[in-house]
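# Structure assessment
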Amino acid sequence: MTGEATGRTDGVLGRMLREVHRTAPDDLPVLLRRHTADLNLNKITVYVADVQQRVLVEVAETPGEPLRHLLIDDSLAGWAYRTVSARIEPHESGGLILWLPMLDGVERVGMVAFHAPALDARTLEDCHALASLITLILLDKSTYSDTLRRLQRTSDMRLPAEMVWAFLPPRTIGTDLITSSAVLEPAYDLGGDCFDHALSGGTLHAAVLDAMGHDLAAGITSSVALAALRHARHHATDLADTVTNIDATLSEVFADRHTTGILAQLDTTTGHLTWANCGHPPPLLIRNRDLVPHALEREPEPPLGMGARLPGIRRTIHHAQLEPGDRVLLHTDGVTEARSADGRLFGETRFADFIIRAIAAGEPAPEALRRLVNTILEQQDSRLSDDATILMLEWHPFRTTTTRRILP
């Protein structure tokens, strides 16, 4: 492509970026249609993943228009979503469709379908750039619009679940050194489970919490605990002080409520892991595709909210040195205690084995966890007796950046 054509394409993307500031949240498809021909494309269609990551839901241009749903486990678009790869297919009326994932960092948001009469190297690069721009626009508009959240919900969500989802960070965050990915179910009927992860300087902060009960009060308890955790983190307190602050906050707000949890910090440069176990199942360590038995098992201490009521208690901060490639699993007991119809527990061994097999198959962490939680749901006929939350930390300081894959 000539320099003149390259400049024209860059100009189109620049105009879209300027126009989007005054574009209504629901008018993203209109904005794309207005500039489709300028980019030598026939059509651009955006799909977002639902909250359970089971279907891709079309972002329609016309309000009230029937929305197209594509199964993530049984469609070409879903294959591209699962593998975070591009995919090209012929269109029935001529031309080609390029499927590209929408990524917020390393978090999968959805897919974009680019319909083009033909695809060359420059057009591919333009589509990659536009997919990134569309993702940024969609996420920016969602801060003051319910459009994205409505599309992500394919069933009615109960109030406690709405409360928890409103507080949660993206399911996956990461850098060249670290990836942290989480899932939780039942997505529409959560009680007291939640997770958190954030990067600050060279430290990854991660937590999994499980408030007692499975009602609105449980959702409020976990939300308050999460707010207290972030408040302490924003004030740069150390891990021991953070636990103490959450203890004090919950004890002050609730007379008879508490939450178990694991709070962890990982130095992303050295791999030094610190954590506190507040009445929670211990973290699991996977090294060289094997579960290391009892590696991170320590004596649990009282749940958060009870420590402040126990005079003289001193929280213990545990330490471990990770090796490159190590994976640490934080989870709630709803994972290992899930039961099949015949009463068989999912169990810690099956839990770890599933992750190990997914790692061996080369699956990225978000996809491995998505499939795992779907397996747990299938075992219980989609009716979990308790919330199931999993957060996996991967320390990969020597991982190299892979090139994008465009498969015919």
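Labelled according to an unreviewed UniProt entry, the chain appears under the name PP2C family protein-serine/threonine phosphatase, originating from Streptomyces viridiviolaceus.

## Considering the nonpolar core
Grouped together as the largest cluster of nonpolar side chains are 47 residues, with contacts concentrated most on Trp165, Ile246, Leu263, Leu273, Leu304, Val328 and Leu391. Of the residues forming this core, the biggest block, five residues, is contributed by strand S10 (residues 203-211). Those residues in contact with Leu263, other than ones at most four positions away along the chain, are Ala206, Ala207, Leu209, Leu229, Leu239, Thr242, Val243, Ile246, Thr274, Trp275, Ala276 and Leu304. Among the nonpolar cores identified, the runner-up in size contains 33 residues, and Val46, Val57, Leu98 and Phe114 belong to it.

## Observations regarding the pattern of salt bridges
Counted under the stated rule, the structure contains 19 salt bridges. Across the pair Asp247 and Arg315 runs a salt bridge, and its minimum N-O distance is 2.8 Å. Taken as a pair, Asp247 in helix H8 (residues 239-253) and Arg315 in the loop between strand S14 (290-291) and strand S15 (318-321) lie far apart in primary sequence, 68 residues in all. The same class applies to Asp247 as to Arg315, namely buried.

## A short note on the pairing of strand S13 (residues 284-287)
Burial of S13 is two-sided: the residues Leu284 and Ile286 facing one way and the residues Leu285 and Arg287 facing the other way are all buried. Note: S13 against strand S16 (residues 327-331), three bridges, orientation antiparallel. Across the sheet, Leu284 pairs through a bridge with Leu329, a residue of S16. Here S13 runs beside S14; their pairing, made up of two bridges, is antiparallel. The residue bridging Ile286 from the neighbouring strand is Leu291, located in S14. The turn linking S13 back onto S14 is made up of two residues, and Asn288 within it adopts a positive phi angle of 55°.

## Observations regarding the packing of helix H10 (residues 348-360) against helix H11 (residues 365-379)
A pair of packed helices is characterised by two quantities: the angle between their axes and the separation of those axes. At a closest axis distance of 10 Å, the pairing of H10 and H11 adopts a crossing angle of 140°. Considering their axes alone, H10 and H11 lie oblique with respect to each other. Helix-helix and strand crossings are classified by hand; for H10 and H11 the assignment is right-handed. In this structure, H10 uses Arg350, Phe351, Phe354, Ile355 and Ala358 to contact H11, whose residues at the interface are Ala368, Leu369, Arg371, Leu372, Thr375 and Gln379. Here the residues of the contact of H10 with H11 sort into seven nonpolar, two polar and two charged.

## Overview of unusual backbone geometry
For the bond from Glu185 to Pro186, the omega torsion is 0°, close enough to zero to count as cis. Unlike most non-glycine residues, Gln53 shows phi in positive territory, near 55°. Looking at where Gln53 falls in the secondary structure, it is placed in the loop between strand S1 (43-49) and strand S2 (55-58). Even without being glycine, Val84 reaches a positive phi, approximately 50°. With respect to the helices and strands, Val84 occurs in the loop between helix H3 (76-83) and strand S4 (86-90).

Each value, and the rule that gives it
Numbering of residues starts from 1 in every chain and runs along the sequence as written. Local features are withheld for residues below a pLDDT of 70 in this predicted model, meaning they are given only at 70 or higher, and side-chain atom pairs are given and counted only at 80 or more; totals for whole chains, interfaces and linings count all residues. Each side-chain value is worked out from all heavy atoms of the structure, with water and hydrogens disregarded. Only buried residues count toward a nonpolar core. Its members are Ala, Val, Leu, Ile, Met, Phe, Trp, Tyr and Cys residues joined through side-chain atoms within 4.5 Å. Burial classes: relative accessible area under 20% of the type maximum marks a residue as buried, over 50% as exposed, and values in between as partly exposed (1.4 Å probe, protein chains only). Counting from the N terminus, the helices are the DSSP runs of H or I reaching at least four residues and the strands are the DSSP runs of E reaching at least two. By definition, residues are in contact when any of their heavy atoms lie within 4.5 Å. By definition here, a salt bridge exists when the distance from a side-chain nitrogen of Lys or Arg to a carboxyl oxygen of Asp or Glu is within 4 Å. Strand pairing is assigned whenever DSSP identifies at least 2 bridges connecting the two strands. Helix axes are fitted only over the stretch in contact, all axes being lines through C-alpha atoms; the angle between N-to-C directions runs from 0 to 180 degrees. Under this scheme an angle from 65 to 115 degrees is roughly perpendicular, one under 35 degrees roughly parallel, and one over 145 degrees roughly antiparallel; angles in between are oblique. Should the near helix be turned anticlockwise from the far one by less than a right angle, the crossing is left-handed, and should it be turned clockwise, the crossing is right-handed. Note on residue classes: Ala, Val, Leu, Ile, Met, Phe, Trp, Tyr, Cys and Pro are nonpolar, Asp, Glu, Lys and Arg are charged, and everything else, Gly too, is polar.

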